[in-house]
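Observations on the three-dimensional arrangement
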Amino acid sequence: MKRRTSLLLLMLAISLAFAAWQWLRPYEWRADPAARFRVTDASVERDHSYLWLKLRLENTGKDHHDFGKPMTLLLADGSKAEPAETSLEGDAENPIMALHLRFWLENDDFSGPIQLHINDGLLDIRSGHGIPALGNGETRHFNTCNW
């Protein structure tokens, strides 16, 4: 009985460590400091034959976003996409703590890796290939760039 309990406790500890690692790991391990932001969350929602890519970016320091510089999504085929929607998250002391971006993309835009050009840096949004399996109106959330 003692051996069985020890084995179960060991398996529980391994499971909890794996769950904590999945929950606490960053979206991207080495975010570009010139971007001034880091990606915390990405989601893809199917809207008939198109897809919405939603990103949440947190400010990494005291430098704010430079709205004079364009934000563009760099797609695998070399084309660029601009955000269809941008919203800010903040308070009186720090007016831009986070940015929320939405991009209206076609299926072909998910053929390869995707990066976001923001300020003077590049952030990895996606390193995989292929369209996420989604039905109409369904959403998938990603907490790493490995999708």
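Since this is a predicted model, take the numbers as computed values, not measurements. (Residues numbered from 1 in each chain as written. Predicted model: local features only at pLDDT ≥ 70, side-chain atom pairs only at ≥ 80, totals over all residues. Heavy atoms only, no water.)

Remarks on the sheet that holds strand β3 (residues 72-74)
Strand order in the open sheet formed by 4 strands is β4-β3-β7-β8, with antiparallel pairing between adjacent strands. Strands with a single pairing partner mark the edges of an open sheet, and in this sheet they are β4 (80-81) and β8 (121-126). In terms of strand pairing, β3 meets strand β7 (residues 114-118) through 3 bridges, oriented antiparallel. Residue pairing in the sheet places L73 in a bridge with L116 of β7. (Pairing = 2+ DSSP bridges. Helix = DSSP H or I, 4+ residues; strand = E, 2+ residues; numbered from the N terminus.)

Thoughts on the environment of D66
Relative to the helices and strands, D66 resides in the loop between β2 (50-59) and β3. The exposure class assigned to D66 is partly exposed, which follows from its relative accessible area of 28%. Once you skip the residues sitting within four places of it in the chain, D66 turns out to touch R36 and N119. (Buried < 20%, exposed > 50% of the residue type's maximum accessible area, 1.4 Å probe, protein only. Contact = heavy atoms within 4.5 Å.)

Thoughts on the sheet that holds strand β9 (residues 139-142)
One open sheet holds the 5 strands; their spatial order is β5-β6-β2-β1-β9, and the pairing between them is antiparallel. Edge positions in the sheet fall to β5 (85-89) and β9, since each has one partner strand and no second. On average, adjacent strands in this sheet sit at an angle of 15 degrees to one another, irrespective of strand direction. As defined by bridge partners, β5 adjoins strand β6 (residues 98-106) across 5 bridges and the pair is classed as antiparallel. Each residue of the ladder has a partner; that of S87, found in β6, is H100. (Axes fitted to C-alpha atoms, helices over the stretch in contact; angles between N-to-C directions.)

Thoughts on the nonpolar core
A general trend in soluble globular proteins is that nonpolar side chains are found buried together. Counting 29 residues, the largest nonpolar core has L53, L57, L73, F103, L116, I118 and I125 as its most contacted members. For this core, the secondary-structure elements that each account for two or more residues are β1 (37-47), β2, β6, β7 and β8. Non-local contacts of L53, meaning those with residues more than four positions away in its chain, are made with S43, V44, L73, L101, R102, F103, L105, I125 and W147. (Core = buried A, V, L, I, M, F, W, Y, C linked by side-chain atoms within 4.5 Å.)

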